[in-house]
Amino acid sequence: MLFAKYRDDVPAELLEVCWLDVSGEMPVTKGNAYEVSFMLSMNTENSFGWDDPVTVMARIGEEGEYTRVPIDLSKLKGEEVEFPPDKCRVEPKSEENAKNDKETLYFGLYEVWTNKWKGGLRIHKAIVQKIPAGNNASTSNTPSDESRGKEIAA
């Protein structure tokens, strides 16, 4: 994968890739749901290959199914936008790891299925938001200081 990153205040930019696999993990508190999103923009002068959907995926724990949210980046421009708009929400598994208070959230941004070349995507940061147990309401699409949760720099 070819990335260009010069400073911490500049997003990572995909120059030319055929597989997009940006993944992370972090410890989470058992019993809470989490929402995952990414702040993205496009290099409007040098972008190509974004006709196929990209997928945001997340799960709690090492086993089980990922929650998958496909996103369309074909119309993404130069402004920084949060994707997916409705976020990728993952719920804890109720019976697994019953003895542990902590688990791990695995998440990522992927397009590894088409093998088509693509470039120009700018990844500003990943956002992980904890949703307290019993709260079924999703958070706003617009990040604010209160709703950002934990940010992970690209």
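What you see is a predicted model, and the numbers here were worked out from it, not measured in a lab.

Whenever I open this one, the sheet that holds strand E3 (residues 20-29) confuses me. Can you help?
Two strands in a sheet stick together by hydrogen bonds in their backbones, pointing the same way (parallel) or opposite ways (antiparallel). A sheet is described by the order of its strands in space; here four strands give the open sequence E3-E8-E5-E6, paired in antiparallel fashion. Only two strands of the sheet have a single neighbouring strand rather than two, namely E3 and strand E6 (67-71). For this sheet, the mean inter-axis angle between neighbouring strands, taken without regard to orientation, is 15 degrees. Where strand E5 (residues 54-60) lies against E6, five bridges are found, and the strand directions are antiparallel. When the bridges of E6 are listed, Met-57 appears paired with Arg-68.

Got a minute to help me understand the pattern of salt bridges in this structure?
As a working rule, side chains carrying opposite charge can pair if their charged atoms are close by. Counted according to the given criterion, the structure contains six salt bridges. In this structure, the salt-bridge partner of Glu-13 is Arg-122, at a minimum N-O distance of 3.0 Å. Residue Glu-13 is located in strand E2 (residues 12-16), and its partner Arg-122 is located in strand E9 (residues 121-131); the two are separated by 109 residues in the primary sequence. We classify Glu-13 as buried; its relative accessible area is 13%. Between Glu-91 and Arg-89 there is a salt bridge, with the nearest N and O atoms lying 2.8 Å from each other. Accessibility expressed as a relative area gives 44% for Glu-91, which makes it partly exposed. In this structure, a network of salt bridges that share partners links the residues Glu-35, Arg-89 and Glu-91.

Can you help me understand the confidence of the model for the protein in this one?
Detailed reading of the predicted coordinates is not advisable wherever pLDDT is low. On average, the protein scores 82 in pLDDT, and the residues at 70 or more come to 75%. Looking at the elements of the protein, mean pLDDT is at its lowest for strand E1 (residues 2-4), recorded as 42, and at its highest for E6, recorded as 97. Confidence drops under pLDDT 50 across residues 1-6; counting only partners more than four residues distant or on other chains, this segment forms 22 contacts. Note that residues 139-148 has pLDDT below 50 and, in this model, 20 contacts with residues that lie over four places away or in other chains.

Sorry if this is basic, but what is going on with unusual backbone geometry here?
With the exception of glycine, the majority of residues adopt a negative phi angle, and the majority of peptide bonds are in the trans configuration. Pro-84 follows Phe-83 through a cis peptide bond whose omega is -10 degrees. Structurally, the position occupied by Pro-84 is in strand E7 (residues 81-90). Backbone geometry at Lys-87 places phi at a positive 65 degrees, although glycine is not the residue there. Tracing the backbone shows Lys-87 in strand E7. On the basis of relative accessible area, Lys-87 is assigned to the buried category, the value being 8%. The phi dihedral of Asn-115 is positive, around 60 degrees, even though this residue is not glycine. A residue is classified by how much of its surface remains accessible, and Asn-115, at 46% relative accessible area, is partly exposed.

Calculation notes
- Residues take numbers from 1 onward in each chain, read along the sequence in its written order.
- Selection of residues for local features in this predicted model requires a pLDDT of at least 70, selection of side-chain atom pairs for listing and counting requires 80 or more, and totals for whole chains, interfaces and linings are taken over all residues.
- To get the side-chain values, take all heavy atoms of the structure and skip hydrogens and water.
- DSSP calls a pair of strands paired once it identifies at least 2 bridges connecting them.
- Helix numbering and strand numbering both begin at the N terminus, where a helix is a DSSP run of H or I of at least 4 residues and a strand a DSSP run of E of at least 2.
- Throughout, an axis means a line fitted to C-alpha atoms (over the contacting stretch in the case of helices), and angles, computed between N-to-C directions, take values from 0 to 180 degrees.
- Salt bridges are counted wherever a side-chain nitrogen of Lys or Arg sits within 4 Å of a carboxyl oxygen of Asp or Glu.
- Each residue is placed in one exposure class: buried if its accessible area under a 1.4 Å probe, protein chains only, is under 20% of its type's maximum, exposed if it is over 50%, and partly exposed if it falls in between.
- One confidence number per residue, pLDDT, is output by the predictor and ranges from 0 to 100.
- Only heavy atoms enter the contact rule, under which two residues are in contact if any of them lie within 4.5 Å.

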